[in-house]
Each structure stands twice: as structure tokens, then as C-alpha cells.
Amino acid sequence: MIWFFLLSGLFLGWSLGANDAANIFGTAVGTRMIKFKRAAIVTTLFVIVGAVFSGSGATDTLTNLGAVNALAGSFTVALSAAITVTWMTKLELPVSTSQSIVGAIIGWNLFTGSSTNFSSLAEIVSSWVVGPFLAALFSFFLFKLSMKIIRNLKIHMLEQDIYNRWGLLLVGAFGAYSLGANNIANVMGVFVPAQPFKDIELWGALTFSGTQQLFLIGGIAVSIGVFTYSHKVMFTVGKTLFKLTPIAALVVVFSESMVLFLFASQALSDWLNNHGLPSLPLVPLSSSHAVIGGVIGIALAKRAQGINYRILKKIVLAWVATPIIGGILCFGLLFFVQNVFEQKVVDYSYSLLNSHRKTDIPPDNRFLTAP
Amino acid sequence: MPFLLKKIKELESEIDAYLDMVIKGGLLFKQSIKYFMSGEIEEFELRLDELDKIESDADILRRTIESKLYEQTLIPDSRGDVLGLLESTDKALNVTTETLHQFAVEIPHILPEVKHLYIELTDLSISALESMVAAVRSYFEDLNQVRDYINKVLFYESESDKIAEKIKRIVFRTDIELSKKIHMRYFALHIENIADEAEDVCDRLAIAAIKRHV
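Here we summarise the structure given alongside this text. (Residues numbered from 1 in each chain as written. Chains lettered and ligands numbered in written order. Predicted model: local features only at pLDDT ≥ 70, side-chain atom pairs only at ≥ 80, totals over all residues. Heavy atoms only, no water.)

## Topic: the overall build of chain A
Under the convention used in this document: Only DSSP runs of H or I reaching four residues or more are called helices, and only runs of E reaching two or more are called strands; each is numbered from the N terminus. Exposure is judged per residue with a 1.4 Å probe applied to protein chains only, and the accessible area is read against the type maximum: over 50% gives exposed, under 20% gives buried, and values in between give partly exposed. Two residues qualify as a contact provided that any one of their heavy atoms is within 4.5 Å of a heavy atom in the partner residue. Per-residue accessibility takes into account occlusion by the displayed protein chains alone, with areas from the Shrake-Rupley method and a 1.4 Å probe.
A tally of regular secondary structure across chain A gives 14 helices and two strands. When each of the 371 residues of chain A is scored for burial, the buried share is 59%. For chain A, long-range pairs separated by at least 24 residues make up 85% of all intrachain contacts whose partners lie at least 6 apart in sequence. Carbon and sulfur atoms make up 69% of the accessible area of chain A, which totals about 16,000 Å².

## Quick word on the nonpolar core
To keep it simple, the criterion reads: Residue types Ala, Val, Leu, Ile, Met, Phe, Trp, Tyr and Cys, when buried and joined through side-chain atoms within 4.5 Å, form a set referred to as a nonpolar core.
In terms of nonpolar packing, the biggest core is built from 96 residues, with F25(A), V77(A), I101(A) and M188(A) touching the most fellow members. Those residues in contact with F25(A) that sit more than four places away from it in its chain are G30(A), I34(A), A39(A), V42(A), T43(A), L168(A), L169(A), G172(A), A173(A) and M234(A). Formed by 71 residues, the second largest nonpolar core is a distinct cluster that contains V82(B), L117(B), C202(B) and A208(B).

## Topic: the side chain of S74(A)
Relative to the elements of secondary structure, S74(A) occurs in helix α5 (residues 71-90). Excluding anything up to four places from it in sequence, S74(A) contacts S8(A), V68(A), V190(A), F191(A) and A194(A).

## Section: the side chain of S138(B)
Mapped onto the fold, S138(B) is located in helix α4 (residues 115-141). Look past the residues within four positions of S138(B) in its chain and what remains in contact with it is L143(B), Q145(B), V146(B) and Y149(B).

## Looking at unusual backbone geometry
Even without being a glycine, I75(B) presents a positive backbone phi close to 30 degrees. Note on placement: I75(B) falls in the loop between α2 (41-71) and α3 (79-106).

## Structural notes on the interface of chain A and chain B
Defined as follows: Two parts placed together each lose some accessible area under a 1.4 Å probe, and adding up what both lose gives the buried area. For this document, the term salt bridge refers to a Lys or Arg side-chain nitrogen within 4 Å of an Asp or Glu carboxyl oxygen. Counting of polar contacts relies on pairs of N or O atoms within 3.5 Å, with two restrictions inside protein: one atom must be capable of donating a hydrogen and the other of accepting it, and residues adjacent in sequence are counted only when both atoms are side-chain atoms.
Contacts between the two partners involve 20 residues from chain A, matched on the other side by 25 residues from chain B. For the pairing of chain A and chain B, the buried interface totals around 2,100 Å² over both sides, and the portion due to carbon and sulfur atoms is 65%. When residues of chain A are sorted by the area they lose upon contact with chain B, H156(A), M157(A) and L158(A) head the list and together hold 33% of the total. In this structure, the connection of chain A to chain B is made through two salt bridges. Between K154(A) and D142(B) there is a salt bridge; the shortest N-O distance is 3.5 Å. At the junction of chain A and chain B, the tally comes to three residue pairs in polar contact (both at pLDDT 80 or more). Elements supplying a minimum of two residues to the side of chain A that touches chain B: α7 (118-153) and α8 (157-188) of chain A. The element that contributes the greatest number of residues to the side of chain A that touches chain B is α8(A), accounting for nine residues.

## Here we look at the packing of α7(A) against helix α10 (residues 246-262) of chain A
Residues and elements named next belong to chain A. Applied cut-off: Axis definition: a line fit to C-alpha positions, over the contact stretch in the case of helices; interaxial angles, taken between N-to-C directions, run 0 to 180 degrees. The scheme is simple: roughly parallel for angles under 35 degrees, roughly antiparallel for over 145, roughly perpendicular for 65 to 115, oblique for anything else. Throughout, a crossing is termed right-handed when the near helix is turned clockwise from the far one, and left-handed when it is turned anticlockwise from it by less than a right angle.
Running from N to C, α7 and α10 point in directions that differ by 140 degrees, and their axes come no closer than 8 Å. As judged from the angle between their axes, α7 and α10 are oblique. When you trace α7 past α10, the crossing you get is right-handed. Contacts between α7 and α10 involve G131, L134, A135, F138, S139, L142, F143, S146, M147 and I150 on the former and, on the latter, I247, A248, V251, F254, S255, M258, V259 and L262.

## What about the layout of surface pockets?
Convention followed: Two kinds of site are reported from a 1 Å grid over the protein atoms alone, namely cavities, where a 1.4 Å probe fits but cannot get out, and pockets, open sets with protein on both sides within 12 Å along at least five of seven lines, and residues are called lining when an atom falls within 4 Å of a point. Grid points are joined across faces, edges and corners, and a volume is the space filled by probe spheres set on the points. Residue classes follow a fixed rule: Ala, Val, Leu, Ile, Met, Phe, Trp, Tyr, Cys and Pro count as nonpolar, while Asp, Glu, Lys and Arg count as charged, and any other residue, Gly among them, counts as polar.
Each pocket or cavity is described by its volume, and for the second largest pocket that value is around 490 Å³. Those elements that place two or more of their residues in the lining of the second largest pocket are α3 (36-54) and α8 of chain A together with α1 (2-37) of chain B. Looking at the lining of the second largest pocket element by element, the count peaks at four residues for α8(A). Here the residues of the lining of the second largest pocket sort into ten nonpolar, two polar and five charged.

## Some remarks on empty space enclosed by the protein
All chains considered together, the criterion is met by two cavities of 30 Å³ or more. Counted as a void, the largest cavity has a volume near 40 Å³. In terms of lining, the largest cavity is formed by W128(A), P132(A), L285(A), S286(A), H289(A) and W319(A). For the lining of the largest cavity, the per-class residue count stands at four nonpolar, two polar and no charged. Here the second largest cavity is characterised by a volume of approximately 30 Å³. Forming the walls of the second largest cavity are T27(A), T31(A), M33(A), L168(A), L244(A), T245(A), P246(A) and D77(B).

## Here we look at the pattern of salt bridges
Where charged atoms from two side chains of opposite charge come close, those side chains can pair. Tallied over the full model, the rule gives 16 salt bridges over all chains. In this structure, E159(A) engages K9(B) in a salt bridge whose closest nitrogen and oxygen atoms are separated by 3.1 Å. Separated into two different chains, E159(A) in helix α8 and K9(B) in helix α1 make up a pair that spans both. Given a relative accessible area of 10%, E159(A) falls into the buried group. Under the relative-accessibility criterion, K9(B) is labelled partly exposed at 43%. Taken together, the shared-partner salt bridges in this structure form one network comprising D59(B), R62(B), E66(B), E87(B) and D90(B).

## Digging into the packing of aromatic side chains
As a reminder of what qualifies: Note on ring pairs: Phe, Tyr and Trp rings are taken, using the six-membered ring of Trp, and paired if centres are within 6.5 Å. Classes follow the plane angle, with under 30 degrees stacked, over 60 edge-to-face and the rest tilted. Placement of a charge over a ring requires the Lys NZ or Arg CZ to be within 6 Å of the ring centre, with the centre-to-atom vector within 35 degrees of the ring normal.
Per the counting criterion, the structure on display carries 17 aromatic pairs over all chains. Their ring planes at 65 degrees and their centres at 5.8 Å tell us that F5(A) and F75(A) sit as a pair that is edge-to-face. You can see F5(A) sitting in helix α1 (residues 2-20) and its partner F75(A) sitting in helix α5, a full 70 residues away along the chain. What makes F5(A) buried here is its relative accessible area of 8%. The interplanar angle of 70 degrees and the centroid separation of 5.7 Å between the aromatic rings of Y139(B) and F140(B) together place this pair among those described as edge-to-face. One aromatic cluster is present, formed by F36(B), F44(B), F103(B), Y186(B) and F187(B) through successive ring pairs. Sitting above the plane of the Y70(B) ring, R79(B) keeps its charged end 4.5 Å from the centroid.

Rendered as C-alpha cells:
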């Protein structure tokens, strides 16, 4: 039964892989700088590594927002998010998995009468604004810096092409890692409080926790999405959505990856806190929104005119609509799952005892910790 | 990566060698016209043979470069521009060779009072060609320089127009047969065409450079 309930999360993971891999390798593959097969292998590897090793930070924030503690509830929340994503994509609105899952969790909270942690919600919503803004800031300065370097170094166009390819591959690997770390929460986060997997001891020295096993499964679903469907999306993104020069593409993907990483890395957050510096909340962000921020940063750096405000309006509209639709849909579906299919969508005894339970993965390098 | 870089360096050298051929072709043209004007036809013919060889070698090298750019899927976003540039540069070299052939075949009668103007016109047209090659080289390595070289080409082209017009004015005010006048105008026009071709390459180059900046 667990595998059936996980199906909605796996579907969400598949759609994340199919759509969001294009935000990392879209330009590189679309412009044939990197072959699709190579891009897909790198994405797969690093998404899984990011998910398993650093996926817990953003997941904790989602769990704090609403600990969906019964498998049927988790199934419905993930299914609502997946339907929202598919529907909005059909309407050609830029959609974020993060926003739909947050909306769906709030829908679950409202349906089950669980309290919504408003400080977590404020953290999440503010990050959705700060994330793209930070991406724009990064890409603005990085683009200026890289142009200055290129002009001064006077590298031959053909050599630059080779360095670009390697840069795109490296930055793509970092992007895939960050995507796995940041977005696995969207795919598998709602299953964490209710997941039934037992910890596995490896060679008597390492622990592969239940949550990590869950994230591995989610990572594999994302990878299947990358291999089966992202090819088409990458060509669309690379050729139509944002036709950038390879340098600009490199900067945009790096900025996007940095933002996803900053909002996902527990180790970085701990390091900043230990040094008395302000840290960013660990929140699942939309890689598409981060890319849009990055592209706007490039446009500003080049003093480009003509930002299309109609498209910007569409993005803002989708920004607001996605969580609301996700929430309403989840509320309705929960009613059906509970009353028509007679499934338990909430475990009240669990939620009383574990309302602020954190995921069972210790901070970074948790894969290497002793049991 | 080192293997790939080695291959790229080879291709860079081939592009440089190709552009060197265009420069050498221009210099040979300049030299040949001087010999023609001074009546040293044997020297002129020797230079023409040499130019023919360079033109055919340049054609082969250009095709090699173009197929390597495609086979190794290099510079996918600028490949079309680079191929266009190499082809239009080749056209400029072709016009240079053709013009010299026309001198050899038609042996125009040039009035002694305009011979120095023909040499001056040749110098200006070949200067335009040389600056065009420098602009193309800069496109590959230093985009900031492209604009300076394009301005030089435009200057030489407009100066060559002026000299060509001066030749025509002098020729058509002289009391000789109309056929000879038309013949001399025709050759002034041909030499001037070399600068025009260089200008066409630069028009293409200006757009390609903007595209690389964006």
C-alpha cells in the first residue's frame, strides 16, 4: 500500500525532473553546447546526491508548516500539488511545484483542523520574493564581472567555447545538486512524517535513514522525469524562452543554483549562524522563478529595454494563484479520500505528540554519521 | 580536455593561416598593379600565378575550417556568423584575383597621367582589405577592437570612391576614343570593388559583433 500512496509523490517528482531540469541544462542542450545524454546523466547523479545528502533542511520547514502524518493524507497533498502543476502548465502559466505543495499543505491543515505555523509560512512566502531577487542580484554582478574578465583576457572565441561547455557542465552539476537538495522537499517532504522506512546500517558504520531512503526514491523519480521528458522541454527553453549567449546562460544557471543552494544548505546555514551572520531560511523555492530572476539580472546588466510587463503580470498572477488552487483542490480531494474511500488522512495522536518533529537526518554529511 | 584544446588550437591556427592568405593575396595584387603600370609584364604574370595558387589554397582551407566547425559542433550560436564571415572574406579575395586576371586578359591602355592614381586606388583598396582582415581577427579574440578596424575599412572605402571618381573625371575629359575611356573606367571600378567587398564583410561583421556582445 505504501508504494501506491507514494505514487502521487513520484508523479510530482517525475514532473519536477521533466520540467525543472530544463532550468539547469535548457540553454546548454537547446543550443547543442552539451549533448542531452551527458546533461541527463549529470542531472540524475547530482539531483540524487543533493536530495539524499542535503534534502532535509527545506523539508523541515515544510514539516513545520504542516506535518502531514498519515500516508493517505500525504498522497492527497502530493496529488493535489501534481494536479495543480499539470493544470497550470496546460494553461501555459509559469508554475512552481513549491508553491503548489505549500498551498496543498495549508489545505490539509485547514481540512484536518491542524494549526498552520505562521512564522514558517511567512518564512516561505518571503523567500519566494527574496529568491528571484537574489538571483537577479547575483546574475547582475556575475555578468558584469565575467564580461570584464573576458574583455581583459582576450581569449579566442573557439577556446572560450570549450571553457563555456565545461563551465555549463560544472555549473549544471552544481545546479542539479542544489535542485535535488532544495526541491526534494516538494516531492517527498509531505511523506516524511508518515514514512514507514526503517533505518539501514551500512557496513556497521553508516546509517542510511528512512528519510534518506525516501529521498532516494524521490530522486530516482526526478531522474526518470529527466530522462523521459525533459529533452523536449530543454529544447523549448533553450530556443524560445530565454535565448541567451553561452556566457549569460552560464551566469543565469550559476545564480539560480546559488540561490537554491543558499535556501537548502543546512551546513551553510549553521556556519553563518556560528559566525554571527544572518542566515537564510531553508525553504523549497521555484527554480523557474530563480531563472526568471537571473534573466532579469542579465537584462539589467546590459541595460536592456523592453521588459515585457504582460509576461511579468502573468508570472505574478500564477505566483498568487498556484498556492490558492493547490489549497482548495487539496481540501476537496481530502474530503473524497476520507469520506468516499474511507482512508485515514490525519493521525491525531501523532500530531499531538510530534507537532514539531524534525526529520531524522542530522545536519550535513549525515550519510557519513555513525549510528 | 587537453586533447580538445589541442584540436581547438589547431583550428585557430588554420583560421589564422586562412586570414594570412587573404593578406598575402592583397599584397600580391598591390605589387602586380605596380608592375603592370610600369610595364613589367613578366613580373606581373609571376605575381598573378602566385595569387592564383593562394586563392585556390585559401578555398581548400576555408572548406576544411567550415567542416571542422560543423563536425566538432563548435560555437553553435555563432557558427552561422563565422561561416558567413569566412565566405564573404573569400569573396573579397576572389574579386582581387579576378581583377588581376582581367588586367592580364584585357591589357587596358592606362593614360600615363592617371597611372599614379590607379596605384593610389590600389593602395587604398588593399588597405581596406587588410583592415577587414584585422577586424575579422579581432572578432575572434578581442571584440573591442572590431569597431576601430571597421572604421578604418569605411574610411579607406570612401577614399577609394573619391580616387576612382577622380580617375573617371580625368579620363572622360581627355580627348581619346570612348572605348578606351570606358575601358579605364571599368578597371577603376574593379579595383574599387575590392574595397566595396571589404565594406560588405564589415557590415556583416558589425552585426555579428553586436550579437556576441548581447
